[in-house]
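Take a look at the letters that make up each chain.
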Amino acid sequence: MKWLSGLFIGLMLWTFTAHSEVISLHVPFVVDAPKQNYFYHELLSTAIQDAGHTPKLTIKKIPHLRAKNMLESGKVSILWMVESKQRNQEFIPIEVGLTNGLIGNRILFIKQGDQPLYDKVKTLDDFRQLNLMAGLGKGWFDGRVWKENNLSYKENYGNWTSIFKMIMAGRDYHYFPRGLNEIMVEARQFPELSVEKKLVLIYDRDFRFYLSKEGPNAGKKYQDILSSVMNKAKQSGLIDRLIRKYWGNDFDALNYDQRQKIYLETPK
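Residues numbered from 1 in each chain as written. Predicted model: local features only at pLDDT ≥ 70, side-chain atom pairs only at ≥ 80, totals over all residues. Heavy atoms only, no water.

Draft legend 1. Broad picture of unusual backbone geometry. Look at Asn-100: it is not a glycine, yet its phi comes out positive at around 55 degrees. Tracing the chain through its elements places Asn-100 in the loop between strand S4 (92-94) and strand S5 (105-111). A residue is classified by how much of its surface remains accessible, and Asn-100, at 43% relative accessible area, is partly exposed. Even without being glycine, Asn-255 reaches a positive phi, approximately 55 degrees. Looking at the secondary structure, you find Asn-255 in the loop between helix H10 (238-253) and strand S12 (260-263). Asn-255 sits in the partly exposed class, given a relative accessible area of 38%. (Helix = DSSP H or I, 4+ residues; strand = E, 2+ residues; numbered from the N terminus. Buried < 20%, exposed > 50% of the residue type's maximum accessible area, 1.4 Å probe, protein only.)

Draft legend 2. The arrangement of the sheet that holds strand S11 (residues 207-211) in detail. The strand order across the open sheet formed by three strands is S3-S11-S4, and the pairing between neighbours is antiparallel. Only two strands of the sheet have a single neighbouring strand rather than two, namely strand S3 (78-82) and S4. The sheet shows a mean angle of 40 degrees between the axes of neighbouring strands, taken without regard to direction. Pairing between S4 and S11: three bridges, direction antiparallel. In the strand pairing of S11, Pro-93 is matched with Tyr-210. The strands touched by helix H9 (residues 223-236) are S3, S4 and S11; relative to S4, the strand with the most contacts, the crossing angle is about 25 degrees. (Pairing = 2+ DSSP bridges. Axes fitted to C-alpha atoms, helices over the stretch in contact; angles between N-to-C directions. Contact = heavy atoms within 4.5 Å.)

Draft legend 3. Up close: the pairing of strand S7 (residues 153-156). In terms of strand pairing, strand S6 (residues 134-137) meets S7 through four bridges, oriented parallel. Bridge pairing in S7 links Leu-136 to Glu-155. Handedness of the crossover is the feature at issue here: the chain leaves S6, passes through helix H6 (residues 141-148), returns alongside S7, and the resulting connection is right-handed. (Right-handed = clockwise from strand over helix to strand, strands pointing away.)

This is the structure we're talking about:
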């Protein structure tokens, strides 16, 4: 019996070792959005560990505008981005939503004193009739959403963070839509702006992890294992728990449940 028991334990250990891997990923720390990094890094490493593997994350600080370029060249293995058809072709998507659609819940930065402009808005048509100009970063999915819904917008072709200062100065843009998972951190960075109090504009989109196809640190070889890992993270409730950890207080601070929900058409 002891011999059989030892054999069984040995087989179990062999099976675990055979299916356990060290997942070595070069991961960006996007300096423009530190809180986002902590969420995605913790999600990635915890999900890998929970699936019985060993995460080995090599983290490099880079600005937002360089992150996608470094994924294209394979200098980074993985990056979180809003899902789009183009990105699904350029990179390898892990087809699991990462934030329960928080990025598609858009709350507005506005110039101080402009709140009365928005107070009577109840519908999408009411919002259109304000005829206000959104400031958006170049190539953002928001641009396609705003176009699909006949909303005025203008893309900023420089560093997207300049939009904050332009709204403060009353130049070019009236408001800047930001994801629920972004706006409270940015509100502390830009106290000269106001967070609009009544509305949330909602479209159907989420972040995904994308892997680089080729290059020195290409993440392609981990496609199957990371797909399995992230599906387990969804099913186990890990994603929900981390969303509450990082953004639960923001829902309360933004009075989310009482806001007027305006649903936008999402382009295909």
